[in-house]
Amino acid sequence: KDMSIDQPIEPRAPIELDPNLLDIPVGFVIRGWREYKGLKLTELATSSGVKKGYLSQIEHGKIQMPNSQVLRKLSAALGISPWDLIHRQFPEATQ
């Protein structure tokens, strides 16, 4: 399936979503996935094409919700769905 960054993110089948999870900044989830995959910040920035400083701001919660293009780039580099980030799915919750 083509995951062009210009296409809207298609929804997946409904999942049981804990509304409290949405209070967690998406950057914390990105960091969790990055660390789970054993990547350094620089490695994820390079593989995703997202600037290191911008990625750092996302991970530290200074940017609450990056746009869909950034989410798509990061999720592709992490090998996950953008929906895992949007729905705050941490690695242990999806394995």
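Above: the structure in question.
Small disclaimer: the values here were computed from a predicted structure and weren't measured.

**Student:** Can you help me understand the nonpolar core in this one?
**Tutor:** Here is a general trend for soluble globular proteins: nonpolar side chains tend to be buried in one another's company. In this structure, I30, W33, L44, L55, I58, L74 and L85 are the most contacted members of the largest nonpolar core, which totals 17 residues. Secondary structure elements with two or more residues in this core: helix 1 (26-36), helix 2 (41-48), helix 3 (52-59) and helix 4 (68-78). Those residues in contact with L74, other than ones at most four positions away along the chain, are I30, L44, S48, V50, L55 and I58.

**Student:** Where do I start with the packing of helix 1 against helix 4 in this structure?
**Tutor:** To describe two helices that pack against each other, one gives the angle between their axes and the distance between the axes. Running from amino to carboxyl end, helix 1 crosses helix 4 at an angle of 20°, the nearest separation of the two axes being 10 Å. On the basis of the axis angle, helix 1 is roughly parallel to helix 4. Where helix 1 crosses over helix 4, the handedness of that crossing is left-handed. Facing helix 1, whose interface residues are V26, I30, W33 and R34, helix 4 presents L71, L74 and L78.

**Student:** Just checking my understanding: could you explain the packing of aromatic side chains for this structure?
**Tutor:** The description of an aromatic ring pair uses the distance of the two centres, along with the angle that the planes make with each other. Counted by the stated rule, this structure contains one aromatic pair. Seen in terms of ring centroids, W33 and Y36 are 5.8 Å apart; in terms of plane orientation they differ by 85°. Their pairing is edge-to-face. One end of the pair is W33 and the other is Y36, both in helix 1 and three residues apart, which spans about a single turn. Of the residues examined, Y36 reaches a relative accessible area of 46% and is grouped as partly exposed.

Parameters at a glance
Residues numbered from 1 in each chain as written. Predicted model: local features only at pLDDT ≥ 70, side-chain atom pairs only at ≥ 80, totals over all residues. Heavy atoms only, no water. Core = buried A, V, L, I, M, F, W, Y, C linked by side-chain atoms within 4.5 Å. Buried < 20%, exposed > 50% of the residue type's maximum accessible area, 1.4 Å probe, protein only. Helix = DSSP H or I, 4+ residues; strand = E, 2+ residues; numbered from the N terminus. Contact = heavy atoms within 4.5 Å. Axes fitted to C-alpha atoms, helices over the stretch in contact; angles between N-to-C directions. Parallel < 35°, antiparallel > 145°, perpendicular 65-115°, else oblique. Left-handed = near helix turned anticlockwise from the far one by under 90°. Phe/Tyr/Trp six-rings, centres within 6.5 Å; stacked < 30°, edge-to-face > 60°.

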